[in-house]
Amino acid sequence: MIEKEYVEKVMKHKHALIFVGGIATAIVGKKILESKTVKDACTQGMATVMAAKKDAEECFQDMKDNAEDIVVDANSEVKKEIYVEDKE
């Protein structure tokens, strides 16, 4: 019976509890975000992402350069075939 009374009292004030819970979450969240450990972890994570992005951009540029070389080589072979002169 005590549990039911307790639940009823809590339910009467649920909006106040939700409000207090929101404030507590904001305070804890702020403390977590200001934590040096969290900042260091986020900085390390960001550095890892930036390094991966740089590697991906370099890989993409290499593929683009190779593709352009293939196109240039293919076009030069076609031109050689068209402008070949007979030595007869």
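Summarised in this report is the structure supplied together with it.

1. Thoughts on the pattern of salt bridges
Okay, step 1: All told, the structure shown has four salt bridges when counted by the stated rule.
Okay, step 2: Linking Asp40 and Lys36 is a salt bridge whose minimum nitrogen-to-oxygen distance equals 3.1 Å. Placement of the pair is Asp40 and Lys36 together in helix α3 (residues 36–82), with a separation of four residues, close to one helical turn.
Okay, step 3: In this structure Lys36 comes out as exposed when scored by relative accessible area, which is 60%.
Okay, step 4: Lys53 serves as the salt-bridge partner of Glu57, at 3.6 Å between the closest nitrogen and oxygen. Of this pair, Glu57 and Lys53 both sit in helix α3, four residues apart, which is roughly one turn of that helix.

The rules behind the values
Residues numbered from 1 in each chain as written. Predicted model: local features only at pLDDT ≥ 70, side-chain atom pairs only at ≥ 80, totals over all residues. Heavy atoms only, no water. Salt bridge = Lys/Arg side-chain N within 4 Å of Asp/Glu carboxyl O. Helix = DSSP H or I, 4+ residues; strand = E, 2+ residues; numbered from the N terminus. Buried < 20%, exposed > 50% of the residue type's maximum accessible area, 1.4 Å probe, protein only.

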